[in-house]
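Overview (structure and organization)
Residues per chain are reported as follows:
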Amino acid sequence: MPNPDRPHVVANPKPRDLPAPSVEEPVDPVPPLDPPSDVAAPELRSATGRPVRAAATTRAQQGAFLTTATGTRLRDTDHSLKAGRRGPVLLQDHHLREKITHFDHERIPERVVHARGVGAHGVFVSNGAAAKLSRAAFLQADVETPVFVRFSTVLGSRGSADTPRDTRGFAVKFYTSEGVFDLVGNNIPVFFIQDAIKFPDIIHAGKPEPDREIPQAASAHDTFWDFVSLHTEAQHHTIWNMSDRALPASLRTMEGFGVHTFHLVDEAGDTVLVKFHWKPAAGVHSQLWEEAQLTAGGDPDFQRRDLYDAIQNGALPSWTFGVQVFPDTEDETFEGIDLLDPTKIVPEELAPVQPIGTLTLTANPTNYFAETEQVAFHPGHLVPGIDVTNDPLLQGRLFSYLDTQLTRLGGPNFDQIPINRPHADVSDMLRDGFHQHAVHTGVAPYKPNSLDGGCPFHAGVADGAFLEVPSPVEGEKVREHPASFDDHFSQPRMFFRSLSPIEQEHVIAAYTFELSKVTWPQVRERQLAHLALIDERLCAEVAAGLGLPAPTPDPDVEVQDLAPSPALAQIVPGATYPVAGRTLGVVADASTRTADLQAVVDAAQAADLLVFVLGPHAGVADAADGTFAVDKPLYQVRSFELDAVVLTTATTPAADVPSRRDAKVGSPDHRDVGVDPRTLLLLSELFRQGKAIGALPDAAPALVQAGIAEDDPGVVVRGDAAAVTEQVLALVAQHRVWERLSPVG
């Protein structure tokens, strides 16, 4: 316990504002506790969209006593009703049957794709720039619109890890005054397929192989590469998936895209074509492959936890919402790019992203199942001023996203689940069905009618009615796509050649690793032939890693040398980004001076970082002149949890080192080194991952033992505790110490 007469340092992130539990089981009845301040629940609305004036916890459990589902108070829930103490359980035990029956049906089918997800509440504020393009009410100047956002992986099951190499879903539900608008996008701006009829094929290929149900949440296997190497329109999305974009460091540092092209319609009925973008305020930043693998094993929930912790601690994630705008021409192309092809992008240098508002996440869910699991997104949830195009992938999604909810959410009334309820009046003539929450009045749910006074009436455009964009339709019924969809390699080449040298090396390594997992040499050779068309160096390096000759490009396939797009590169020399919400580890032990420790903590927290003190054991540890609270003991922490570290001391081996019960201790000879081996492991991982390292004078032996020189890039050793911390934070603002990761030769 801390000594009140000596200094005590506490740096842990803001705890949840809940009352501390008692050691013994409470016995005095009290009502349910209020939820913590960092959470929010769906706004109280009736099943037909009307606001409900009641306490925020009205939908939560009520009263101090345990009851049945129908409100009957219970005196016992620990024992079944039996015929005698040792007799059989009686069928009349209604509480047992109710409790077990409900438990047996608690799980609902997980999503076929995007099963692993995390959500948060937030607000979108329009800056008015889109008002001249769209009549949508939520895009008018200064309008604030509540939102719910769900991020997800694509291939993994609901119980998979957060950090596989995978595309991420980025879905936003806008609760606008004109109804719900869902923008159901990804963190990659293109898709594997051009037509929704191929969606089952790509997902069947990417999911665990059906004979053995492995691998989980991974594309490094035979069936995925068999499909994408045969179905070459997938090559553009595949190279994005092999890039750092498929390994986001945090959901807060992830870009988002609407993928498809949409119509915007103004008050006069004039239209433009647009692509939607989300630009993170924290900058686009990714994990290294080593980090992703360490994270999946060390903390499979890392990105969920990171998002929740950031919101809880006030480092609210935000994105700029923007649009690329194109003329709505008859051919629906721009600079030779077919805007209906979901496997193509329009480089931002040709059509800059115009900011139209800001999204900020402000609260965590109150209940994961009720909100994040039951939220239902649908590209057909549109509002006046926004309409779809004839993109064949989008057209199929308009059916699929509606159809999938019928089984997953138990019927057609999923829009009445609280998280899905609109913030606008609903009068839809849809009746009955499973889980009907509305209590409809009247006798005439049909049109025309006179018995209900003709209600509901058709709305005109002046009344805010949705109006489809009138587009001419002609041609024969065919199962074909336009010739403009045929180029599958020019944009993948442009993407690879737009990346920084470090990112290109990561792409080469990713292809090499993934294809090394493919057991059929024919599939490897087939994919190498495609890489030869994309970039000869890429192909040669991957082929060398696979022990295969690099094929020559097929002369019959025409590939354009498009101008590189600098906007596609994540690593921008000299660029800096906000550090709020990033994480700093501070290593301390019994030789640490509390003044130094406090100075590091204060400097980091002043910049809104999350600070974790790393110590020899959990709880309260001794310092040289006081005590400090340990947030993460050395036996628990790993490098993926930190963006940087400051060592106040070299850390002598902790008391558990001789026992070697922690495998990270390694050889028993470590006790002779004089530095805790977990500190050395942490330093070696952080160094090769390009993360900033600060060390006060007493920590010098740790750097020496870890093989790190004081003049190595990103190593800060000069100055007092506050000065060292400030220099480390400046390095964190660059995301990584890129000099350490630059390719050699």
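Keep in mind that this is a model prediction, so the values were computed, not measured.

The rules we used
Residues numbered from 1 in each chain as written. Predicted model: local features only at pLDDT ≥ 70, side-chain atom pairs only at ≥ 80, totals over all residues. Heavy atoms only, no water. Domains from an automatic or database assignment. Helix = DSSP H or I, 4+ residues; strand = E, 2+ residues; numbered from the N terminus. Expected span 1.5 Å × (residues − 1). Buried < 20%, exposed > 50% of the residue type's maximum accessible area, 1.4 Å probe, protein only. Polar contact = N/O pair within 3.5 Å; in protein donor to acceptor, adjacent residues only side chain to side chain. Axes fitted to C-alpha atoms, helices over the stretch in contact; angles between N-to-C directions. Parallel < 35°, antiparallel > 145°, perpendicular 65-115°, else oblique. Left-handed = near helix turned anticlockwise from the far one by under 90°. Contact = heavy atoms within 4.5 Å. 1 Å grid on protein atoms, 1.4 Å probe; cavity = no way out; pocket = protein on both sides within 12 Å on 5 of 7 lines; lining within 4 Å. Points joined across faces, edges and corners; volume = space filled by probe spheres on them. Nonpolar A, V, L, I, M, F, W, Y, C, P; charged D, E, K, R; others polar. UniProt positions renumbered as here; feature names shortened; annotations may be inferred. Pairing = 2+ DSSP bridges. Salt bridge = Lys/Arg side-chain N within 4 Å of Asp/Glu carboxyl O.

Once that is clear, we can look at the domain arrangement of the chain. Partitioning the chain into domains gives domain 1 (117-416), domain 2 (487-568) and domain 3 (583-740). Its C-alpha centre places domain 2 at a distance of 40 Å from the equivalent point of domain 3.

Turning to helix α8 (residues 392-408), a few remarks are in order. Because each turn of an α-helix spans 3.6 residues, side chains separated by three or four positions end up pointing in the same direction. The terminal C-alpha atoms of α8 lie 25 Å apart, and with 17 residues this matches the ideal 24 Å at 1.5 Å per residue to within 8%. Taken residue by residue, α8 has L393, L394, R397, Y401, Q405 and R408 as its buried positions. Two to three positions downstream of the cap, the backbone nitrogen of L393 sits 2.8 Å from a side-chain oxygen, assigning the N-cap of α8 to D391. Looking at the residues trailing α8, positive phi occurs at G410, about 80°.

To continue, consider the packing of helix α10 (residues 501-516) against helix α12 (residues 536-546). Helices that pack against each other are described as a pair by the angle of their axes relative to one another and the distance between those axes. Put simply, α10 and α12 touch, their axes get as near as 9 Å, and they point 40° apart. Relative to α12, the element α10 lies oblique. Along this stretch, α10 crosses α12, giving a crossing that reads as right-handed. From α10, Q504, E505, V507, I508, Y511, T512, L515 and S516 reach across to α12, where they touch R537, L538, E541, V542, G545 and L546.

Take empty space enclosed by the protein next. Using the criterion set out here, one finds eight cavities of 30 Å³ or more in the structure. Here the largest cavity defines a volume of roughly 190 Å³. Residue composition of the lining of the largest cavity, grouped by class: 10 nonpolar, four polar and six charged.

Under the UniProt annotation, the feature "binding site: heme" (unreviewed entry) is placed at R111, R150, F199, R397, Y401 and R408. You can see R397 is positioned in helix α8. Setting aside residues no more than four positions away along its own chain, R397 makes contact with V184, A196, H260, H378 and P379. Along the chain, Y401 falls in helix α8. In contact with Y401, other than residues within four places in its own chain, are V184, F377, H378 and P379.

With that out of the way, let us pick up the packing of helix α13 (residues 594-606) against helix α16 (residues 721-732). Direction vectors running N to C along α13 and α16 enclose 35°, while the axes themselves pass 8 Å from each other. Seen from above, α13 lies across α16 with right-handed handedness. Packed against α13, whose contacting residues are D596, A599, V600, A603 and A604, the element α16 presents A721, A722, T725, E726 and L729 at the interface. For the contact of α13 with α16, the residue count by class is seven nonpolar, one polar and two charged.

Attention now goes to the sheet that holds strand β20 (residues 644-647). Overall, parallel pairing links the six strands, which are arranged β19-β16-β15-β20-β21-β22 in an open sheet. Two strands close off the open sheet at either side, each with one partner strand: β19 (632-633) and β22 (715-716). For strand β15 (residues 583-587) and strand β16 (residues 610-615), the ladder comprises five bridges, and the chain directions are parallel. Bridged to L584 within β16 is V611. The sheet strands contacting α13 are β15, β16 and β20, and the helix crosses β16 at an angle near 155°. Helix α14 (residues 677-688) rests against β15, β16, β20, β21 (692-695) and β22 of the sheet, and its axis sits at about 140° to β20.

Before going further, it helps to spend a moment on the environment of L584. Relative to the helices and strands, L584 is located in strand β15. With relative accessibility at 0%, the residue L584 sits in the buried group. In sequence terms L584 and P701 are 117 residues apart; their C-alpha atoms lie 21 Å from each other. Excluding residues within four positions of it along the chain, L584 makes contact with V600, A604, L609, L610, V611, F612, L642, A644, V645, V646, T725 and V728.

Going through the model one piece at a time under the given rule, you end up with 32 salt bridges. Between R50 and D425 there is a salt bridge whose closest N-O contact spans 2.6 Å. Pair noted here: R50 is in the loop between β2 (39-40) and α1 (94-104) and D425 is in the loop between α8 and α9 (490-498), with a separation of 375 residues, a long-range link. Residue classification places D425 among the exposed residues on the basis of a relative accessible area of 55%. With a shortest N-O distance of 2.8 Å, D561 and R493 are connected by a salt bridge. In this pair, D561 sits in the loop between α12 and β15 while R493 sits in helix α9, placing the two residues 68 residues apart along the sequence. With a relative accessible area of 58%, D561 lands in the exposed category. Residue class for R493 comes out buried when judged on its relative accessible area of 13%. Linked through salt bridges whose partners overlap, the residues forming this network are D656, D662, K664, D676 and R678.

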